[in-house]
Amino acid sequence: MMRAGRLACWLAACVLGLPALAQDFTSARYAEPTTRYAHGVLGDAVEWGALVLELSDGTSRRMTLPETLVFEDIAPRLADVDGDGAPEVIVVETSLDKGARLAIYAASGRITATPYIGRPHRWLAPIGAVDLDGDGQIEIAYIDRPHLAKTLRIWRYEAEKLIQIASKPGLSNHKIGWDFIAGGIRTCGAPPELITANADWTRVMATTLQSGRINSREIGAYTSPQSLTAALTCP
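Quick caveat: nothing in here was measured; it's all calculated off a predicted structure.

(A) Expanded view of the pattern of salt bridges. Counted under the stated rule, the structure contains 13 salt bridges. For the salt bridge of D135 with R156, the shortest nitrogen-to-oxygen distance reads 3.3 Å. Remark: R156 occurs in strand β11 (residues 151-158) and D135 occurs in the loop between β9 (124-130) and β10 (139-144); sequence separation between them is 21 residues. With a shortest N-O distance of 3.2 Å, E218 and R203 are connected by a salt bridge. A residue pair is termed long-range when its members are at least 10 positions apart, and E218 in strand β17 (residues 213-221) and R203 in strand β16 (residues 203-210) qualify at 15 residues. By relative accessible area, R203 is classed as partly exposed at 27%.

Right under this line is the structure:
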């Protein structure tokens, strides 16, 4: 079964190369399924070649990637990363030759992106976007190569650029073939916590960012993906 291209709680997108749009976008979805990238990390051979943006005036716009790129992702993610009150879009964008990167889009097109991992069939699994350390700026977290490097990377969005501010090995949030990404962010108090598994998938981990340092602690045993889902509920 083809993976869904829509995720209501995070959605939005834009059209690369179009002029800035007067109206806000309200939702988005991936479109144009493609098999041009033979990786299948999310359980099938199908990725996405386009992103469809729904505008507040009821119209829609479509962005089609070049043949050298795909969206290797579950769904676009909606987050206000620059603090202006309007959402941007966080996606996993993959080069057929250089592997995955995390990219941010606005209504005017792609704003910025992290570097590609550097080789094909290397992927990253987003955790989420939130002000992790209480400084008023949004951080974006993902697991770099959750099946290999198993490294948490945290980036900060500043002046239309993504700057890596911290990293930590020994964490994961995805297994090969899953059509979902486990865990996420829980905000039971300050600071917010990133919920993942440890590297060998035996423990549920809660990770925080404080004063530029990543701190992780065990909060329970991992027995199934539901272990991470349950940990998102505040105790």
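(B) Just the confidence of the model for the protein, in detail. Taken over all residues, the pLDDT of the protein has a mean of 89, while the share at 70 or more is 90%. For residues 4-22, every residue scores under 50 in pLDDT, and the model assigns this stretch 73 contacts once sequence neighbours within four places are set aside.

(C) Seen up close, the side chain of T34. Along the polypeptide, T34 turns up in strand β1 (residues 25-34). The exposure class of T34 is buried, given its relative accessible area of 11%. In this structure the side chain of T34 is engaged in a polar contact, spanning 3.1 Å, whose partner is the backbone nitrogen of R36. Excluding residues within four positions of it along the chain, T34 makes contact with A45, V46, E47, W48, G49 and V70.

(D) Just the pairing of β16, in detail. Taking burial as the measure, the eight residues of β16 include six buried ones, the bulk of the element. Adjacent in sequence and paired antiparallel, strand β15 (residues 193-198) and β16 are bridged by four residues, among which W201 carries a positive phi angle near 60 degrees. Inspection of the sheet shows β16 paired to β17 by eight bridges, in the antiparallel sense. Its bridge partner lying in β17, Q210 is registered against R213. Between the antiparallel neighbours β16 and β17 lie two residues, among them S211 with a positive phi of about 55 degrees.

(E) Molecular detail of the nonpolar core. Counting residues in hydrophobic clusters, the biggest one holds 22 residues, and the most contacted among them are V81, I90, L102, I104, W123, I140 and L162. Here this core gathers at least three residues from each of two domains, domain 1 (24-122) and domain 2 (126-234). Discounting residues that sit within four places of it in the chain, V81 has contacts with E88, I90, I104, I138, I140 and Y157. Among the nonpolar cores identified, the runner-up in size contains 15 residues, and F25, M63, F71 and V89 belong to it.

(F) Inspection of the state of the cysteines at higher detail. For the coordinates displayed, the defined rule picks out one disulfide. Linked covalently through their sulfurs, C188 and C234 form a disulfide whose S-S length is 2.1 Å. Linking C188 and C234, the disulfide has an S-S dihedral of approximately -100 degrees and is accordingly described as left-handed. Of the two residues, C188 sits in the loop between β14 (184-186) and β15 while C234 sits in the segment after α1 (225-231), which places them 46 residues apart along the sequence.

(G) Representation of a negative patch on the surface within the structure. On the surface, D24, D82, D84 and E160 cluster together to form a negatively charged patch. Take D82: it is sitting in the loop between β5 (77-79) and β6 (88-95). Using a relative accessible area of 36% as the deciding quantity, one classes D82 as partly exposed.

(H) Local environment of the pairing of β6. Counted residue by residue, β6 has eight buried out of eight residues, so it is predominantly covered. When strand β4 (residues 69-71) meets β6, the two strands line up antiparallel, connected through three bridges. Within β6, the residue paired with F71 across the bridge is E93. Sheet topology note: the β6/strand β7 (residues 99-106) ladder contains seven bridges and is antiparallel. For V89, the partnering residue across the bridge sits in β7 and is Y105.

So, how was this worked out
- Residues numbered from 1 in each chain as written.
- Predicted model: local features only at pLDDT ≥ 70, side-chain atom pairs only at ≥ 80, totals over all residues.
- Heavy atoms only, no water.
- Salt bridge = Lys/Arg side-chain N within 4 Å of Asp/Glu carboxyl O.
- Helix = DSSP H or I, 4+ residues; strand = E, 2+ residues; numbered from the N terminus.
- Buried < 20%, exposed > 50% of the residue type's maximum accessible area, 1.4 Å probe, protein only.
- pLDDT = per-residue confidence, 0-100.
- Contact = heavy atoms within 4.5 Å.
- Polar contact = N/O pair within 3.5 Å; in protein donor to acceptor, adjacent residues only side chain to side chain.
- Pairing = 2+ DSSP bridges.
- Core = buried A, V, L, I, M, F, W, Y, C linked by side-chain atoms within 4.5 Å.
- Domains from an automatic or database assignment.
- Disulfide = S-S within 2.5 Å.
- Patch = residues over 30% accessible without salt bridge, like charges linked within 9 Å, V, L, I, M, F, W, Y side chains within 5 Å.
- Areas by Shrake-Rupley, 256 points an atom, 1.4 Å probe, with all protein chains shown as cover.
- Lys, Arg positive; Asp, Glu negative; His and termini not counted.
- Charge placed at Lys NZ, Arg CZ, Asp CG, Glu CD.

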